[in-house]
Amino acid sequence: MFAVHLLAFHFTKLKEDQIKKVDRYLYPLRLCDDALRDVMARFQAEMVKGLGRDTNPTAAVKMLPSFVRSLPDGSEKGDFLAVDLGGSQFRAHQVKVFADGKQSSQLESKVYPTPKEVTEGNGAELFDYIADCLSDFMETKNLKHKKLPLGFTFSFPCKQTKLEEGVLLAWTKHFKVRGVQDTDVVSSLRRALQKHKDIDVDVLALVNDTVGTMMTCGYDDQRCEVGLIIGTGTNACYMEEMRHISLVEGDEGRMCINTEWGAFGDDGALDDLRTEFDRELDLGSLNPGKQLFEKMISSLYLGELVRLILLKMTKEGLLFNGKVSTSLLTKGKIEMKHVSAMEKDKEGLSNTKEILTDLNLFPSEEDCVAVQHVCTIVSFRSANLCAAALAAILTRLRENKKLLRMRTTVGIDGGLYKTHPKYAGRLHKAVRRLVPTCDVRFVLSAGGSGRGAALVTAVAHRLAAQRRRLHAALSPFLLPLAVLRDVRDSMRAELEYGLKRETQGKATVKMLPTYVCGTPDGTEKGKFLALDLGGTNFRVLLVKIKSGRRRSVQMYNKIFAIPLEIMQGTGEELFDHIVQCIADFLEYMGIKGARLPLGFTFSFPCRQASIDKGTLVGWTKGFKATDCEGEDVVDMLREAIRRRNEFDLDIVAVVNDTVGTMMTCGYEDPNCEIGLIAGTGSNVCYMEDMKNIEIVEGNEGKMCINTEWGAFGDNGCIDHIRTKYDREVDEGSLNPGKQRYEKMTSGMYLGEIVRQILIDLTKQGLLFRGQISESLRKRGIFETKFLSQIESDRLALLQVRRVLRQLGLDSTCDDSIIVKEVCGVVSTRAARLCGAGLAAVLEKKRENRGVERLQITVGVDGTLYKLHPHFSRVLQETVKELAPQCDVTFMLSEDGSGKGAALITAVAKRLHNVGQK
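Computed from a predicted structure; not experimentally measured.

Student: A description of the nonpolar core should follow, citing residues and the corresponding values.
Tutor: If you look at soluble globular proteins, the nonpolar side chains tend to sit buried side by side. Core analysis: the largest hydrophobic core is formed by 113 residues, its most contacted members being Leu-228, Trp-261, Leu-394 and Leu-427. Beyond its immediate sequence surroundings of up to four residues, Leu-228 is in contact with Thr-210, Thr-213, Asn-235, Ala-236, Trp-261, Cys-386, Leu-390, Val-410, Gly-411, Ile-412, Asp-413 and Leu-427. Counting residues in hydrophobic clusters, the runner-up holds 83 residues, among them Met-491, Phe-786, Ile-790 and Ile-856.

Student: Break down the sheet that holds strand β16 (residues 537-546) for me, citing the residues and quoting the values.
Tutor: The 5 strands lie next to each other as β17-β16-β15-β18-β21, forming an open sheet whose pairing is mixed. Each of the sheet's edge strands pairs with one partner strand only, and the pair in question is β17 (552-561) and β21 (650-655). If you compare each strand with its neighbour and ignore which way they point, the axes differ by 20° on average. In the sheet, β16 pairs with β17 via 10 bridges, with the strands oriented antiparallel. Its bridge partner being in β17, Val-540 is matched across the sheet by Lys-558.

Student: Please provide a residue-by-residue account of helix α23 (residues 724-731), values included.
Tutor: Within the span of α23, buried status applies to Tyr-725, Asp-726, Val-729 and Asp-730. In a view along the axis of α23, the buried residues occupy a sector of 140°, so they form one face of it.

Student: Now, about the pattern of salt bridges: what can you tell me, with residues and values included?
Tutor: With the rule as written, the count across this model stands at 67 salt bridges. Across the pair Arg-30 and Asp-23 runs a salt bridge whose closest N-O atoms are separated by 3.6 Å. Judged by its relative accessible area of 45%, Arg-30 is partly exposed. Sharing partners across several salt bridges, the network here consists of Arg-492, Glu-496, Lys-500, Glu-688, Lys-844 and Glu-847.

Student: How would you sum up unusual backbone geometry? Please name residues and give values.
Tutor: Not every positive phi belongs to a glycine, and Asn-142 is a case in point at roughly 55°. Tracing the backbone through its elements, the reader meets Asn-142 in the loop between α4 (123-140) and β5 (147-154). Judged by relative accessible area, Asn-142 falls into the exposed class, the value being 56%. Even without glycine at this site, Phe-362 takes up a positive phi of about 45°. Examined against the element boundaries, Phe-362 turns out to sit in the loop between α12 (348-358) and α13 (365-400).

The rules behind each value
Residues numbered from 1 in each chain as written. Predicted model: local features only at pLDDT ≥ 70, side-chain atom pairs only at ≥ 80, totals over all residues. Heavy atoms only, no water. Core = buried A, V, L, I, M, F, W, Y, C linked by side-chain atoms within 4.5 Å. Buried < 20%, exposed > 50% of the residue type's maximum accessible area, 1.4 Å probe, protein only. Contact = heavy atoms within 4.5 Å. Pairing = 2+ DSSP bridges. Helix = DSSP H or I, 4+ residues; strand = E, 2+ residues; numbered from the N terminus. Axes fitted to C-alpha atoms, helices over the stretch in contact; angles between N-to-C directions. Arc of directions from axis to C-beta. Salt bridge = Lys/Arg side-chain N within 4 Å of Asp/Glu carboxyl O.

Here it is as structure tokens:
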């Protein structure tokens, strides 16, 4: 028993001595965590360099866009083919994908050899060989009668400009085929396939094996957004935010980036970590100076690295009594399978002895222990370097998502990872040490890159079908210039009908005279009250106007809410509520006894007989108070003041907010003769020559016309551009059949149009996994402010998803892209239609003045124009296109409905005083 313990002690001591000896000898290959963090930081810098348009040409890590924009979502289905070229064998696959809710697929494959005459021959022979193998496979599986989509896994660095195209940058691994570099490999494959008249195959996607691995694992685990290959070669891919990829147009969504990290260090970035053995291995390779990181990691090189170390140690007398065998001198004699066998726990030493004996080295026990430890150091370094680069990718993903802690999945494939007894465990531990803020699940790829290529093709097939259906839904919103010219001309005709006595009664654009016959001239002064009713809030203002050199306007105001029950109650209740608000304000300002002139901004269609008389034509914007339509709103306000019997006011003018907007801007710019509102509602007013207003007596001077253009189209003249979604919004509104133009252009309705589109797309399975949430069923849930937020250029898709989450909509990245596109077409159409209407007014003004070129200012107000990120720009561009002979200055109104009402009152008082004199 004592002898056994003694032997065990001796062996343990021997093992420790040999390990220490090897550790000292190979110290440069042993990397501490600080060194790995340094590698991680270097790789992060290389990623940024590779993603930049200006820095990419000189970057070693090319960060190639793959044009794979979406992961599988489980709705893919059908039969797909895949061919897989990149390793020691060529594979053909048939993949059946089932949309059965279980994420299931069925893979059938056939393996073909890749003879040296193919891997080192010319391009035509290579692609003919692939086509021949595929034809044989389809024959075997009885598929020649079917037209099938195909994914091509091509595991070499390619520059892609679309999913079905790829120009080979350089061969790697053991491939050296002539005449293929710098050519499109998909075109070459298609030419070879065309020679086989009996098969019909559509190559839809070119995929790197790393991307294929990520897609395969992503089909089973939707958290998977990183693919990793550790085999004959090594590489990683991951889903990058489009806004960071300056090599590709667009900043919406994500795209899979094929890092091609095997070339990390080709620019000297790792020279301080490369050992003499790495340099010797590189010099003896097919591609000296290239793929330096891969040569420190992948199974194609690790066996050779071990051989070079053992050879030097033997020459220095540290192994095998200094006796070098012919086999040890022969390149490629130690392969990765030998390294894996020698590192096994139980039989590792006996395997080592057997392998070394086969190399005619006659090892001692000490030699076997030392050689086993050399293998451990070489493969350990490989796992650690791989972990450092992977940690850089995971950190970038976490930072892109702005998360403190991230859960994600890494899909892995490759012989080294799968067959080496300890590699996976070492890699996992190193990653967890280097990125403790990432909870990483590692998933082995089932079916490999071939299944992945088929799934990329399946996703591309699904997205193409979805894109066609999405285009069908959204194309009616894309109005060509010819259609917009028709809208402009129809609006122009309607403006004329509204001005003429015999057609005004039937006109939908009512062209209401406002009896505002002048714009401010700077002499206005005094204290004025203004009331502003036009939305869910009501304002009372005190406005002090000073004239002369110190011309100024000071305003004091208070906002009061109008509850829904008042908006939709009786007229008496509504006006009593307004007077209550006025009383509170007068009390608050301490001016209850003063009889001040008052301008009443009443932002609803009114027919006026004078400046202080306005008969309500019809409610809009959600108001439905009874006993008001057909009544004079000034009389109703006076009656309510009399009922309260607390104060008296001089009601000088009833004003539309659009007119107030024009007057506010006219106070700053005398050239302003048009007012535009693009907010909750939509409307335009302008100064018209009295001679053209047949419904008002007199031909001298000008009068402001409130067009009330929101009703444009109520006679059916724009029915051809109304979509089914517009009809649904109209039918569900408080005033069906009324204000049709406003319902296509104003903030009150755009969100509801978007909601109707989203419901339809969800029913078609294009959004939210086909599930209509309860919140999406609620009318009015999608407010127009959400359109502005979602369309903001500064808002990344991650934030768009947060906005949608506030609405109870659990969206994927793809959903967010579609929602943003829907919001974009709806708001762009609104801006272009608004621009077409304004162009009609501008052309009328130009003809009125009889000038070749019109110089004019348009005063604008409204939240849609002011707050939406693109509305104002699109509207202005449309005006330029449709009214090219008009030079238009757009001026933002500063409180048109408050300040404007006071200015109209002041102008009316001035003109009244002039008239009396």
